[in-house]
Amino acid sequence: MRALVCGAAGFVGSHLVARLLDDGWQVLGVDSFLTGNLRRNLGPVLDRTGFEFLEADIVRSLAVAGPLDAVFHLASPASPADFSSLQLEILRVHSHGMWNLLELARTKQARFLYTSSSEVYGDPEVHPQREDYVGHVDPIGTRSCYDEGKRFGEALVMAYHRRHGLRTSIARLFNTYGPHMRPDDGRVIPSFVSSALRGEPARIHGDGSQTRSFCYVDDTVEGLCRLLNSDLREPVNLGNPDERTILELAEIINDLAGNEADCVFRELPHADDPKRRQPDITRARRHLGWEPRVSLLDGLGRTVGWFRQVMDKGPDEPV
């Protein structure tokens, strides 16, 4: 079995590459390095049997020689910090890039898996969020390049499935975290961990009462592998229902890192920042036999340990 993983040098993509290799797949990894990091994230697998890497931008046409059994689309900047500086790039990767990958999968008669996001729900008015909730998204808001990019991507995937009978899967990921995240990512866990390891206060936007549900990357990758081999065509939530406030998250990370600095509070950078986020994973439990196994405390402990090594070695060195 041979898989194409787009966004292979990114956070989730690099973990998926390692898992597929462990499972005996041949893997062709593709990345443009817009936000991915080759040495830090793929260094441990670059010399493994069965792995090839191609530097390419999926927004442009992508030629792949030989057969493909699966195409994974994980290519996209995903940090709120990128939503202002990379708006057009994000929209292109979920439109032009998606179209190119779907055509490639159709030509190769390969299965296609798209990693969408809980961001398609926007600032939800329904809690927890089920897959049949259509969302509450501002189409011209400051986060819209990512929210609407993911929503359009889902629409295009389903259109290819309905028109061409392509075997497709859509995973809606909820706040995945773990090793290989960028220290300067801008998302809450890398920001809090980096500050804690420097002995600095966690900078909390808002009053810290907003909630998120964090899923460790190994659990997410397990869900992706199960989803690829399932008959589910409609979107599936992959996340951990363990809902926590942002203030609680900061306190746990400070304890794990031994940081005694008090938290500081700032205004919310985006008016449309979601106030609550929690997945309903009934569909994943019922159809995939999947649910997260790694507790938040355990996962954050592993993440803090990895970030500590990164800060000791340097941001571009493999850990």
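Predicted, not measured: the structure shown is a model, and the values here were computed from it.

Reading the values: the criteria
Residues numbered from 1 in each chain as written. Predicted model: local features only at pLDDT ≥ 70, side-chain atom pairs only at ≥ 80, totals over all residues. Heavy atoms only, no water. Phe/Tyr/Trp six-rings, centres within 6.5 Å; stacked < 30°, edge-to-face > 60°. Helix = DSSP H or I, 4+ residues; strand = E, 2+ residues; numbered from the N terminus. Buried < 20%, exposed > 50% of the residue type's maximum accessible area, 1.4 Å probe, protein only. Contact = heavy atoms within 4.5 Å. Axes fitted to C-alpha atoms, helices over the stretch in contact; angles between N-to-C directions. Parallel < 35°, antiparallel > 145°, perpendicular 65-115°, else oblique. Left-handed = near helix turned anticlockwise from the far one by under 90°. Nonpolar A, V, L, I, M, F, W, Y, C, P; charged D, E, K, R; others polar.

**As for the packing of aromatic side chains**
Turning to step 1, where the next piece is worked out: Summed over the entire model, instances satisfying the criterion amount to 8 aromatic pairs.
Turning to step 2, where the next piece is worked out: Summarising the aromatic geometry, the rings of Trp99 and Tyr160 are spaced 6.4 Å apart at their centres and angled 90 degrees between planes, so their arrangement reads as edge-to-face. Highlighted residues: Trp99 in helix 5 (residues 96-108) and Tyr160 in helix 6 (residues 144-164), separated in sequence by 61 residues.
Turning to step 3, where the next piece is worked out: Residue Trp99 is classed as partly exposed on the basis of its relative accessible area of 45%.
Turning to step 4, where the next piece is worked out: Tyr160 gets classed as buried once you look at its relative accessible area, which sits at 5%.

**Quick notes on the environment of Ile253**
Turning to step 1, where the next piece is worked out: Here Ile253 lies in helix 9 (residues 246-257).
Turning to step 2, where the next piece is worked out: Distance in space between the C-alpha atoms of Ile253 and Thr303 is 9.6 Å, their sequence separation being 50 residues.
Turning to step 3, where the next piece is worked out: In this structure, Ile253 is in contact with Ile189, Phe192, Val193, Ala196 and Leu300, ignoring residues within four places of it in sequence.

**Some thoughts on the packing of helix 5 against helix 6**
Turning to step 1, where the next piece is worked out: Where helix 5 contacts helix 6, the axes come no closer than 10 Å and their chain directions differ by 25 degrees. Classified by the angle their axes make, helix 5 and helix 6 are roughly parallel. In terms of crossing hand, the pair formed by helix 5 and helix 6 is right-handed. Contact residues: Met98, Trp99, Leu102, Glu103 and Arg106 in helix 5; Gly153, Leu156, Val157, Tyr160 and His164 in helix 6.
Turning to step 2, where the next piece is worked out: For the contact of helix 5 with helix 6, a count of residues per class yields 6 nonpolar, 2 polar and 2 charged.

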